[in-house]
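# Overview (structure and organization)
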Amino acid sequence: MHNIIGSKFKGNCRQLFAAITVNLVTFSFGLYTGWSSTVAPMLQNATETPLDHGQVLTANSISWACSWGMLSAILGTFFWGMLADNYGRKTTGFLTMLPYLISWVILLVFKTETALMVSRFLGGMGASGAAINCPMYVGEVSEESMKAGLGSLFILMYNIGVLYVYVFGVMVNYNFLNVACLAISVLFMVMWCYVPESPIFLIQKNRMDEARRSLMWFRGKDNDKEVNEEIDSLMRHTDQTTKAKLADYKKRGTVKALLIGLVFQAGTQFSGINIILMYTVDIFQKSGSTMSPHSCTILVGVVQVIGSAIASCTVHRAGRKFFLIVTYAVTALALITIGSCFYANKVDSTINTGMLPVLSLSVHVIAFSLGLGMVPYIIYTEVFPANVRNICMSMLMFFNNVLGFAIIKAYPSMSDALHISGCFWVFGGVCLAVVPFTYLFVPETKDKTYDEIRRELLLWFPNRRHNDKVAAVAKAEKVAAVDQVDDGGGCGSNVVVVVVEANEMKVCMGKDQSCFTTPQQACDNIK
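Below: a short report on this structure.

Parameters at a glance
- Residues numbered from 1 in each chain as written.
- Predicted model: local features only at pLDDT ≥ 70, side-chain atom pairs only at ≥ 80, totals over all residues.
- Heavy atoms only, no water.
- Helix = DSSP H or I, 4+ residues; strand = E, 2+ residues; numbered from the N terminus.
- Buried < 20%, exposed > 50% of the residue type's maximum accessible area, 1.4 Å probe, protein only.
- Contact = heavy atoms within 4.5 Å.
- Areas by Shrake-Rupley, 256 points an atom, 1.4 Å probe, with all protein chains shown as cover.
- Core = buried A, V, L, I, M, F, W, Y, C linked by side-chain atoms within 4.5 Å.
- Salt bridge = Lys/Arg side-chain N within 4 Å of Asp/Glu carboxyl O.
- Expected span 1.5 Å × (residues − 1).
- Bend = angle between axes of the 7 residues up to and from the residue.
- 1 Å grid on protein atoms, 1.4 Å probe; cavity = no way out; pocket = protein on both sides within 12 Å on 5 of 7 lines; lining within 4 Å.
- Points joined across faces, edges and corners; volume = space filled by probe spheres on them.
- Nonpolar A, V, L, I, M, F, W, Y, C, P; charged D, E, K, R; others polar.
- Axes fitted to C-alpha atoms, helices over the stretch in contact; angles between N-to-C directions.
- Parallel < 35°, antiparallel > 145°, perpendicular 65-115°, else oblique.
- Left-handed = near helix turned anticlockwise from the far one by under 90°.
- Phe/Tyr/Trp six-rings, centres within 6.5 Å; stacked < 30°, edge-to-face > 60°.
- Lys NZ or Arg CZ within 6 Å of the ring centre and 35° of its normal.
- Polar contact = N/O pair within 3.5 Å; in protein donor to acceptor, adjacent residues only side chain to side chain.

A word on the overall build of the protein. From N to C terminus, the protein includes 25 helices and five strands. A burial count over the protein gives 54% of its 527 residues as buried. Considering only contacts in the protein between residues 6 or more positions apart, those separated by 24 or more positions represent 76%. For the protein, the computed accessible surface area is about 22300 Å², with 64% contributed by carbon and sulfur atoms.

The following block contains the structure:
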């Protein structure tokens, strides 16, 4: 008993270490996002600008600095998934941090607008890599009991990164801020050397000895016999071990999972989170609040970290749909309230909105951390089969970054056309629209087995599954009639094939109970 408890504790600690380490890339993603909010006022001030010859950036240049990352992230979605599939999650982890490391060095060495734009472009590539590789790696190395908690580290580490750069941006100068960001990249490069490759990737590459050693490390076991059962379980799911074909992407379950992901990514971008994090200081300056913009910014960062920490501890206690529905509704309410503060200040600039903008933004970032910023990435690891997960995640990240680029780049123009209040009202309306979609179309994945989730994805309206349960099961798990195989070569009299269809898989069984994928193979075996 003592050995069992000891190995369990050791395995949990190792999984936590691996999840924290890989999410240092996500931490750098947060640094990258929050950096512009801290530095933008400095770059627009002639007496504080760190650029050579006292160069000051215009509002258009700042919008490009904020949006270049989304543009490069679009490019990144074309290759990060393929790199992870072909060269492994670990190699891809090193490569996702490399753009951040180079970008911080560029900012330290060169003090020009061009260098700043190149740095921001490189950082965006790392952002798309983090969004694809980090949740996937954590999902593949975690035990079922730890998957939700470790999966929530993605948004927690991101938010800590944002807060980190907010605090250092107030405490130190421009150069020390970039050094503090560079230190995280160096720390990751060292720690990542001590973390094994994903066992699922190794199984897919038929490197079974390495897969067993990797799984032994993650489970805290001392010999490979203790992990054979889990290896066998992974091997039984053919989508874990075989390369995806075009037909795999056309399956109803995969198509529906992709549709759900597209809506969630649109909800993420229209929640205005990137606008809020990149323009936090400017937003508070225009909101009519009497608090210092920098103090408000740090306060929002602290609240965001607290919210994601709470989420890490509670996400496994309630259903995924519950978190999403509640947080989308709360986010919509917060955005509409913030927009109302801007509108009130527009109507009468003497109106003091007091703490309302701070409270609304705090509620917004807490809701984002608890639900829509975290739960979709947990769901993605549960609804996509392993052999299509990389490409599907790349599709989602491509859509996410295209939409993000469009929103960030258009935000200054939208603010002029609709006023900033109108922008936030639009954001709130989109978030509100996602609520009924989540209730009607999204299956609950908490405490569900892989096969149960796949069966629910076959239904367009999973909430009505009780009415259609018998029909669904009959369709998903049916036994066809026993057919006599036409011999064509004289073997039909010796072969009876039972065709069993279950979960979109077909198995053909001969009279001797040998299993084949087609009736012809059963016939050829008798010959």
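Our next topic: the nonpolar core. In terms of nonpolar packing, the biggest core is built from 117 residues, with Trp35, Phe264, Ile283 and Phe424 touching the most fellow members. With 18 residues, the single largest contributor to this core is helix α22 (residues 386-441). Ile203, Met208, Ala211 and Ile231 belong to the second largest nonpolar core, which has eleven residues in total.

Turning next to the pattern of salt bridges. Applying the stated criterion across every chain yields a total of four salt bridges. With a shortest N-O distance of 2.7 Å, Arg89 and Glu140 are connected by a salt bridge. Of this pair, Arg89 sits in helix α5 (residues 89-109) while Glu140 sits in helix α6 (residues 113-141); the two residues are 51 residues apart in sequence, bridging distant segments of the chain. Each of the two residues, Arg89 as well as Glu140, counts as buried. Across the pair Glu210 and Arg207 runs a salt bridge whose closest N-O atoms are separated by 2.9 Å.

Attention now goes to the environment of Phe154. By the secondary structure assignment, Phe154 is in helix α8 (residues 153-171). When the C-alpha positions of Phe154 and Ala131 are compared, they lie 8.6 Å apart, and in sequence the two are 23 residues distant. Aside from chain neighbours lying at most four places away, what touches Phe154 is Asn23, Thr26, Ala130, Ala131, Cys134, Pro135 and Tyr377.

Time to look at helix α3 (residues 59-76). The end-to-end C-alpha separation of α3 is 27 Å, in line with the 26 Å expected for 18 residues at 1.5 Å each. The sharpest bend along α3 reaches about 35 degrees and sits at Ser67. All buried positions along α3 are accounted for by Ser61, Ile62, Ser63, Ala65, Cys66, Ser67, Gly69, Met70, Ser72, Ala73, Ile74 and Gly76.

This brings us to α5. With 21 residues, α5 extends 31 Å between its outermost C-alpha atoms, agreeing within 8% with the 30 Å of an ideal straight helix rising 1.5 Å per residue. Those residues of α5 lying buried are Arg89, Lys90, Thr92, Gly93, Thr96, Met97, Pro99, Tyr100, Ser103, Trp104, Ile106 and Leu107. Of the surrounding elements, those touching the buried residues of α5 are α2 (24-43), α4 (80-87), α6, α9 (174-191), α10 (199-204) and α22.

Attention shifts here to empty space enclosed by the protein. What the rule picks out here adds up to four cavities of 30 Å³ or more. Roughly 310 Å³ of internal volume is contained in the largest cavity. Lining the largest cavity are 25 residues; nearest its centre among them are Phe29, Tyr158, Gln269, Asn274 and Asn400. When residues of the lining of the largest cavity are traced back to their parent elements, those giving at least two are α2, α3, α6, α8, α15 (252-270), α16 (273-278) and α22. Its boundaries defined by the atoms lining it, the second largest cavity holds a volume of some 60 Å³. The wall of the second largest cavity is formed by Pro135, Val138, Gly139, Lys147, Gly151, Tyr377, Ile378 and Thr381. Looking at the lining of the second largest cavity, the elements with two or more residues in it are α6, α7 (144-151) and α21 (375-383). Considering only residue class, the lining of the second largest cavity consists of four nonpolar, three polar and one charged.

Helix-helix packing is described using two parameters, namely the angle between the two axes and the distance between the axes. At a minimum axis distance of 4 Å, the contact between α15 and α22 shows a crossing angle of 25 degrees. Of the possible angle classes, the one that applies to α15 and α22 is roughly parallel. In terms of crossing hand, the pair formed by α15 and α22 is right-handed. Partitioned by chemical class, the residues of the contact of α15 with α22 number 22 nonpolar, eight polar and one charged.

Before going further, it helps to spend a moment on the packing of aromatic side chains. Given two aromatic rings, one states the distance between the centres and the angle between the planes to describe the pair. Counted according to the given criterion, the structure contains 22 aromatic pairs. Plain terms: the ring middles of Trp64 and Phe405 are 6.2 Å apart, the flat faces sit at 50 degrees to each other, and that makes the pair tilted. Of this pair, Trp64 sits in helix α3 while Phe405 sits in helix α22, and the two are 341 residues apart along the sequence. Aromatic rings pair up to connect Phe94, Tyr137, Phe188, Trp192, Trp217 and Phe218 into one cluster. Sitting over the ring of Tyr32, Arg120 keeps its end group 3.9 Å from the ring centre. The lysine or arginine in question, Lys321, covers the ring of Tyr439, its NZ or CZ lying 5.5 Å from the ring centre.

One non-glycine residue, His53, adopts positive backbone phi at about 60 degrees. Within the secondary structure, His53 is located in the loop between α2 and α3. Even without glycine at this site, His419 takes up a positive phi of about 70 degrees. Mapping His419 onto the fold places it in helix α22.

All right, on to the environment of Leu163 then. Residue position: Leu163 is located in helix α8. Among the residues examined, Leu163 registers a relative accessible area of 16% and is labelled buried. The spacing of Leu163 and Ile298 is 135 residues in sequence and 6.7 Å in space, taken between C-alpha atoms. If we skip the residues at most four places from it in the chain, Leu163 touches Ile298, Gly301, Val302 and Val305.

This part takes up the side chain of Ser214. Residue placement: Ser214 occurs in helix α11 (residues 208-219). On the basis of relative accessible area, Ser214 is assigned to the buried category, the value being 4%. Polar side-chain contacts of Ser214 include one of 2.6 Å to the backbone oxygen of Glu197.

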